[in-house]
Amino acid sequence: MSASATDPTTTDAWARLTELAAGYRPDLRGALADADWVRKSTLQAADLHVDLSKNLLTPDVWRALRALAAEIGVEARRDAMFAGAHINSTEGRAVLHTALRQPEGAVVMADGDDVVPAVHEVLARVYAFADKVRSGEWTGATGRPIATVVNIGIGGSDLGPVMAYEALKPYRQDGLECRFISNIDPTDAAEKLSGLDPETTLFVVSSKTFGTLETLTNARLCRSWLLDGLGAGVDRKDAVAKHFVAVSTALDKVADFGIDPDNAFGFWDWVGGRYSVDSAIGTTLAVAIGPERFAELLAGFHAMDEHFRTAPLEQNVPAQMGLLNIWYTNFLGAHTHAVLPYSQYLHRFPAYLQQLTMESNGKGVRWDGSPVTTETGEVFWGEPGTNGQHAFYQLIHQGTRLIPADFIGFANPAHALKDGDVDVHELFLANFFAQTKALAFGKTPDEVRAEGTAERLVPARTFTGNRPTTSIMAPALTPSVLGQLIALYEHITFTQGAVWGIDSFDQWGVELGKQLALQVAPAIAGDRSALDAQDASTQGLIDYYHQHRKA
Ligand code: G6Q
């Protein structure tokens, strides 16, 4: 890679896109009347069927976006990522989450070593552990099998496992529950531990660094809860060994906590937290759905990786969707992007994507330290349909803001119909399809009048249309398809970061708050000099706290 990032706004393609945006008059009604446009705009990536035709685009815009990718060298940067180059420049690291889902026998070099054998060695240990817990062979300190696995982690060590645990609910083992503690708000641990039996509870402490305040605080709290609950008759060391396992890159710190290193699963610094659900960070998930399903999830990721790595730009779904986001963000003025899964099981998917996209691309400097000269990192948000339809869709349909939206749905419901059941899934999909249609076509004043609407109400009941959507469909929400969806968004995020020239794999923005919390904590605890060192606003908040906190 060259030493400095390209400023995308200086490229010829950027100038061309600026020109195209200035002259652009959206006409989705016209575009969608052209079956050829729809056919050409509908792509396949692994099992995902992706219809891009309801986007605000023209063939000229597509060409210019692809020219932009070529001028920037997006494909070269992609290849560098897959090859283990240190593209995470501010941390001096390779970015190889794609190696986590390589099949056995593949070769991926990082810093002179093939990492795939180590990946599979850890996976084999995770799978053996998962099997033992699932079969009841793994027992707690009093000899009882495990009924509840509690994952303790935050950010990348929480959001992925929770999201996938929820998404793959039909694949979970009956009688084995998982819970997730992330927040340092003590109510989180209190709520999640509520009703659990210490004798049948196993904790998975998930922390890449094993230095995160929230996770270590919660882990200590859970250790006390366990030891108190098991009572004095149980050997403390044995209890921790049987009820605590860890996932981390810092195995020395795991041992310091009292967790047996034999019960620790490692990963590597070339796996970013928000890219780690497919590493040992997925251990709790592997227990819930079992090794076979976890392997299917990884295979799904890999299928999308292969598509992204090998498909030409004009067929490459993640690359095209990333470039499309550039068009909306930098040329048409969109600030946010909605993700609307028509699957209740994907209810945590937008939250997961918020971290993936916003922590990756919410940056104001490029990977060489130069300031960006254009907007980056749109706000991702969303909720499952149809709930969102009865809430915020109003703004998408008739508001003043441009909000590109991804709709995600599945041909098959999660639960098979029984004889005599009404096929509600069809009604569900009808809503998905109708929404994207309504957003694209809108309703003209004349169409509103033709319904007999009083003239004074015509403006309020008119829909401008030309509101862009991408429709993503798959046969069913299987582990493989979930892996494909996650990898799709990882690579969309990558493509945008590559165009903007930013390091999508660091997260320095998370650090400042962590540091300051450590400085503020003693001030709250009553340390006079720490309090004096705070600014007037923070002192005021601490004073309020002291005056109102009940003994
Ligand atoms: C993710 C970020 C961040 C991280 C958490 C937890 O990409 O790095 O969300 O995952 O801060 O960190 P640990 O896993 O080290 O506890």
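Look above for the structure.
1. Here we look at the overall build of the protein
Part 1: Along the protein, the regular secondary structure elements total 23 helices and 13 strands.
Part 2: For the protein, the spread of C-alpha atoms along the principal axes amounts to about 80 × 65 × 60 Å.
Part 3: Among the 551 residues that make up the protein, the fraction classed as buried is 52%.
Part 4: Considering only contacts within the protein whose residues lie at least 6 apart along the sequence, 75% involve residues at least 24 apart.
Part 5: Of the roughly 23,600 Å² of accessible surface on the protein, 53% is carried by carbon and sulfur atoms.

2. What to know about the sheet that holds strand β2 (residues 48-51)
Part 1: As summarised here, the arrangement of the six strands in space is β1-β2-β13-β12-β10-β11, forming an open sheet in which the pairing is mixed. Strands with a single pairing partner mark the edges of an open sheet, and in this sheet they are β1 (42-45) and β11 (379-381). Ignoring which end each strand starts from, the neighbouring axes of this sheet average 20° apart.
Part 2: Where strand β12 (residues 405-410) and strand β13 (residues 469-474) come together, six bridges link them in parallel fashion. From the neighbouring strand, Phe407 faces β13, where its bridge partner is Ser471.
Part 3: Taken strand by strand, helix α20 (residues 479-500) contacts β1, β2, β10 (336-341), β12 and β13, and its axis lies near 170° from that of β12.

3. Here we look at the site of the ligand
Part 1: Close to the ligand lie 14 residues; Ser157, Ser207, Thr209, Thr212 and Gln355 are nearest.
Part 2: The separation between an oxygen atom of the ligand and a polar side-chain atom of Ser207 is 2.6 Å.
Part 3: Within the side chain of Arg274, an N or O atom sits 2.7 Å from an oxygen atom of the ligand.
Part 4: Contact with the protein chains removes 91% of the 400 Å² of surface that the ligand exposes when unbound.
Part 5: Residue composition of the shell around the ligand, grouped by class: one nonpolar, nine polar and four charged.

4. Some thoughts on unusual backbone geometry
Part 1: Backbone torsion omega between Gly385 and Thr386 reads 5°, so that peptide bond is classified as cis.
Part 2: Tracing the backbone through its elements, the reader meets Thr386 in the loop between β11 and α16 (393-398).
Part 3: For Phe210, which is not a glycine, the phi torsion comes out positive at approximately 50°.
Part 4: With respect to the helices, strands and loops of the structure, Phe210 is situated in the loop between β7 (201-206) and α9 (213-230).
Part 5: A relative accessible area of 3% places Phe210 in the buried class.
Part 6: Even without being glycine, Asn466 reaches a positive phi, approximately 60°.

5. Focus: the sheet that holds β7
Part 1: As summarised here, the arrangement of the five strands in space is β6-β5-β7-β8-β9, forming an open sheet in which the pairing is parallel. In the strand order of this sheet, the two ends are held by β6 (177-181) and β9 (264-266), each with one partner. Here the average twist between neighbouring strands, direction ignored, is 20°.
Part 2: The pairing of β7 with strand β8 (residues 244-248) spans four bridges and is parallel. Paired with Ser206 across the strands is Val247, a residue of β8.
Part 3: Together, β5 (148-152), β6, β7 and β8 form the strand contacts of α9, whose direction differs from that of β7 by roughly 160°.
Part 4: Together, β7 and β8 form the strand contacts of helix α10 (residues 236-243), whose direction differs from that of β8 by roughly 55°.

6. Overview of the packing of aromatic side chains
Between two aromatic rings, the relevant description is the distance of the centres plus the angle of the planes.
Part 1: Within the structure shown, the criterion is met by 26 aromatic pairs.
Part 2: With a centroid separation of 6.5 Å and 45° between ring planes, the pair formed by Phe82 and Phe308 is classed as tilted. Of this pair, Phe82 sits in helix α5 (residues 74-82) while Phe308 sits in helix α13 (residues 291-310), and the two are 226 residues apart along the sequence. By the burial criterion, Phe82 is buried, and Phe308 matches it.
Part 3: Each member of the aromatic cluster is reached from another via a ring pair, and the members are Tyr342, Trp381, Phe392, Tyr393, Phe407, Phe428, Phe432 and Phe433.
Part 4: Across from the ring centre of Tyr165, 3.6 Å away, lies the NZ or CZ of Arg172, which sits over that ring.

7. Comments concerning helix α6 (residues 116-135)
Part 1: For α6, spanning 20 residues, the distance from its first C-alpha to its last is 28 Å, which sits close to the expected 28 Å at 1.5 Å a residue.
Part 2: Taken from the residues just after α6, Gly136 is the one with a positive phi, measuring 90°.

8. Thoughts on the environment of Pro384
Part 1: As for its placement among the helices and strands, Pro384 is situated in the loop between β11 and α16.
Part 2: With residues up to four places along the chain from it excluded, the contact list for Pro384 reads Pro341, Ser343, Gln344 and His347.

9. Points about the state of the cysteines
Part 1: Under the counting rule described, the total for this entry stands at zero disulfides.
Part 2: Summary of cysteine pairing: Cys178 is not part of a disulfide, and the nearest cysteine sulfur, belonging to Cys222, is at 14 Å.
Part 3: A residue is classified by how much of its surface remains accessible, and Cys222, at 0% relative accessible area, is buried.

10. Some details on helix α23 (residues 536-548)
Part 1: When the terminal C-alpha atoms of α23 are compared, their 18 Å separation across 13 residues agrees well with the 18 Å that a helix rising 1.5 Å per residue should span.
Part 2: The opening residue of α23, the one whose side-chain oxygen lies 3.0 Å from the backbone nitrogen of Ser537, is Asp535.

The rules behind the values
- Residues numbered from 1 in each chain as written.
- Predicted model: local features only at pLDDT ≥ 70, side-chain atom pairs only at ≥ 80, totals over all residues.
- Heavy atoms only, no water.
- Helix = DSSP H or I, 4+ residues; strand = E, 2+ residues; numbered from the N terminus.
- Buried < 20%, exposed > 50% of the residue type's maximum accessible area, 1.4 Å probe, protein only.
- Contact = heavy atoms within 4.5 Å.
- Areas by Shrake-Rupley, 256 points an atom, 1.4 Å probe, with all protein chains shown as cover.
- Pairing = 2+ DSSP bridges.
- Axes fitted to C-alpha atoms, helices over the stretch in contact; angles between N-to-C directions.
- Near = heavy atom within 4 Å.
- Polar contact = N/O pair within 3.5 Å; in protein donor to acceptor, adjacent residues only side chain to side chain.
- Nonpolar A, V, L, I, M, F, W, Y, C, P; charged D, E, K, R; others polar.
- Phe/Tyr/Trp six-rings, centres within 6.5 Å; stacked < 30°, edge-to-face > 60°.
- Lys NZ or Arg CZ within 6 Å of the ring centre and 35° of its normal.
- Expected span 1.5 Å × (residues − 1).
- Disulfide = S-S within 2.5 Å.

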